[in-house]
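Residue-level listing of the chains:
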Amino acid sequence: MTTRPTLAPIETDSTVFDFDLHPSQDLIVSGLITGKLQCHRYGETHDLVWDDKPFKKSCRGINFSPDGSKFYAISKDRSILTVDTLTGSVMDRRDVVHEQPLNALLCMGETLLATGDDLGVIKLWDTRKKVPIQTWQEHEDYIAQMAYNEDKKTLVAVGGDGYLSTWHIRKPEVAAMSDHMEDELLSVVLVKNNQRAVVGSQEGVLSIWDWGDFGDYKDRIMGHPESISALCKLDEDTVCTGSSDGLIRLVSILPNEFHGILGDHGEEMPIEHIRLAHDKRFIVSSGHDQSMRFWNVEHLFQEDEENEDNGNDDETLDNATKDDDELAPATAAPVDDDDAQDKQEAPVDDNDGDEQWQDDSDDSDAGKDKKKRKKKQKQAPTKKKGNKTAFFADL
């Protein structure tokens, strides 16, 4: 693995249960297993901006608002906090918002929030109101993670009961429920401009789902030897995965391919969370130790820019060559003097030399410890095999 300039880890005084990165500044807020919140400004040296202990029990989720002025936090004590980013002061507190401890949090807009608990209940909140605007219950085990398709106004959730569900935010009933996967589903991201969902599982399988067809997965990527608790989207075609073997892998989606290792927490150090920094210089990961680690990924985005620039240069060169060929005068063939004299006396048709200009347009495409509870599952149809299966050697 190539060594690239990176930052030292941020050390904490207890296990990091979750964290999030500010959308436009070098700030990171972490929620600890003790119920403490900490805000650091990261860089060559990491500075602690503030810390506080607003929860009685462990903090299980952190999510910044879109503008980063505040963030939301959830706890095992069943409360939701809205916290000012720069000062750490609590702006709003809601206690006992679920009957069971909270396990998943997703900020979907300036005033829209979703929470999921240990028994599979999902609640949708308008932060301007004190009561939830939707309460959904189809899962029978903990909600592991959620993702939001803003174009479709639809929430996607995966859970420990082995089901994937989708919910339109304005409707009280489930939009779609997958077949039972016979495996705990731990993580989910949307790629391909929200046309695909990628899901990580307890058995180390990445499954790929087509939007609008959530009965069963359409493809699988094998190769992770242990569970995939963390997924981070780098672009519409690429994700990085965090596995219980302590490795962060770079994976492309359709075509499905492993591209290497981005980070290593060490053996027996499972990775629970990965985030991409706002300037795309680093990904940050946390696991079962008391730290958040930085991994330099700037080169990945530089390569994309170089490839795009090279593609544009090649296209420009092709068009220029094409124009030169069309504009270049034809070279006259040598002729005998007699023939030349005959041709001079012959009448000339002015239309014979007209050029037929072609169209220059180019229409081608430019090239935590999460719970791992085993539970008696509800009866479901037998799972069918995916249409395609991609097998890769473990990296």
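Residues numbered from 1 in each chain as written. Predicted model: local features only at pLDDT ≥ 70, side-chain atom pairs only at ≥ 80, totals over all residues. Heavy atoms only, no water.

Okay, the overall build of the chain next. A count of helical and extended segments in the chain gives two helices and 28 strands. Relative to its full complement of 395 residues, the chain shows a buried share of 49%. Of the roughly 19,900 Å² of accessible surface on the chain, a fraction of 45% belongs to carbon and sulfur atoms. (Helix = DSSP H or I, 4+ residues; strand = E, 2+ residues; numbered from the N terminus. Buried < 20%, exposed > 50% of the residue type's maximum accessible area, 1.4 Å probe, protein only. Areas by Shrake-Rupley, 256 points an atom, 1.4 Å probe, with all protein chains shown as cover.)

The element strand E16 (residues 164–168) is extensively covered by neighbouring structure, given that four of its five residues are classed as buried. Counting the residues in the hairpin turn of strand E15 (residues 154–159) and E16 gives four residues, including Gly-162, whose phi is positive at 85°. (Pairing = 2+ DSSP bridges.)

Soluble globular proteins tend to pack their nonpolar side chains together in the buried interior. Membership of the largest hydrophobic core comes to 15 residues, with the highest contact counts inside it found for Met-108, Ile-122, Leu-124, Met-146 and Leu-155. For this core, the secondary-structure elements that each account for two or more residues are strand E10 (102–107), strand E11 (112–117), strand E12 (121–126), strand E14 (143–149) and E15. Apart from residues lying up to four places away in sequence, Met-108 is in contact with Leu-113, Ala-114, Leu-124, Tyr-148, Leu-155 and Ile-169. (Core = buried A, V, L, I, M, F, W, Y, C linked by side-chain atoms within 4.5 Å. Contact = heavy atoms within 4.5 Å.)

Turning our eyes to something else, we now look at the pattern of salt bridges. Applying the stated criterion to the full structure yields 16 salt bridges. Asp-13 is the salt-bridge partner of Lys-36, the closest N and O atoms lying 2.9 Å from each other. Note that Lys-36 is positioned in the loop between strand E3 (27–32) and strand E4 (37–41) and Asp-13 in the loop between strand E1 (10–11) and strand E2 (16–21), a separation of 23 residues in sequence. Asp-13 sits in the partly exposed class, given a relative accessible area of 47%. (Salt bridge = Lys/Arg side-chain N within 4 Å of Asp/Glu carboxyl O.)

Right, let's talk about the sheet that holds strand E7 (residues 70–75) for a bit. Taking strand neighbours across the sheet as the criterion, the four strands line up as E6-E7-E8-E9 in an open arrangement whose pairing is antiparallel. The open sheet has two free edges, formed respectively by strand E6 (59–64) and strand E9 (90–94), since each of these has just one partner strand. When the angles between neighbouring strand axes are averaged without regard to direction, this sheet yields 15°. (Axes fitted to C-alpha atoms, helices over the stretch in contact; angles between N-to-C directions.)

A cluster of like negative charges, contributed by Glu-226, Asp-264, Glu-267 and Glu-268, occupies part of the molecular surface. Residue placement: Glu-267 occurs in the loop between strand E25 (257–264) and strand E26 (271–276). For Glu-267, a relative accessible area of 71% translates into the label exposed. (Patch = residues over 30% accessible without salt bridge, like charges linked within 9 Å, V, L, I, M, F, W, Y side chains within 5 Å. Lys, Arg positive; Asp, Glu negative; His and termini not counted. Charge placed at Lys NZ, Arg CZ, Asp CG, Glu CD.)

Scanning all chains against the criterion turns up seven aromatic pairs. Ring geometry for Trp-136 and Trp-167: centres 5.1 Å apart, planes at 15°, overall stacked. Here Trp-167 lies in strand E16 and Trp-136 lies in strand E13 (residues 134–137), a separation of 31 residues in the sequence. Ring centres 5.1 Å apart and planes at 85° place the aromatic pair Trp-211 and Phe-214 in the edge-to-face group. Residue class for Trp-211 comes out buried when judged on its relative accessible area of 18%. Residue Phe-214 is classed as buried on the basis of its relative accessible area of 5%. Linked through ring pairs, Tyr-42, Phe-282 and Phe-294 together constitute an aromatic cluster. (Phe/Tyr/Trp six-rings, centres within 6.5 Å; stacked < 30°, edge-to-face > 60°.)

Looking now at the environment of Asp-92. Tracing the backbone through its elements, the reader meets Asp-92 in strand E9. Taking the C-alpha atoms as reference, Asp-92 lies 5.0 Å from Thr-82; in sequence the two are ten residues apart. Other than its neighbours up to four places away in sequence, Asp-92 contacts Ile-80, Leu-81, Thr-82 and Lys-130. In terms of polar contacts, Asp-92 uses its side chain to reach the side chain of Lys-130, at 3.0 Å. (Polar contact = N/O pair within 3.5 Å; in protein donor to acceptor, adjacent residues only side chain to side chain.)

Here we come to the pairing of strand E24 (residues 247–252). Taking burial as the measure, the six residues of E24 include six buried ones, the bulk of the element. Where strand E23 (residues 238–243) and E24 come together, five bridges link them in antiparallel fashion. Bridge pairing in E24 places Cys-240 opposite Leu-250. Taken together, E23 and the strand that follows it, E24, pair antiparallel across an intervening segment of three residues, in which Gly-246 is found at a positive phi of about 90°. The pairing of E24 with E25 spans six bridges and is classified as antiparallel.

Here we have four strands laid out as an open sheet, ordered E2-E3-E4-E5, and antiparallel in their pairing. The two strands at the open ends of the sheet, each matched to only one other strand, are E2 and strand E5 (47–52). Each adjacent strand pair in this sheet contributes to an overall mean axis angle of 20°, direction not counted.

So, on to unusual backbone geometry. Here the bond from Leu-254 into Pro-255 is cis, since omega is 10°, no more than 30 degrees from zero. Relative to the helices and strands, Pro-255 resides in the loop between E24 and E25. One non-glycine residue with positive phi stands out, namely Glu-182, at about 55°. The topology assignment puts Glu-182 in the loop between strand E17 (176–177) and strand E18 (185–191).

On average, residues of the chain score 84 in pLDDT, and 76% of them are at 70 or above. Between residues 326–395, whose pLDDT stays under 50, and residues either more than four places distant or in other chains, the model counts 88 contacts. (pLDDT = per-residue confidence, 0-100.)

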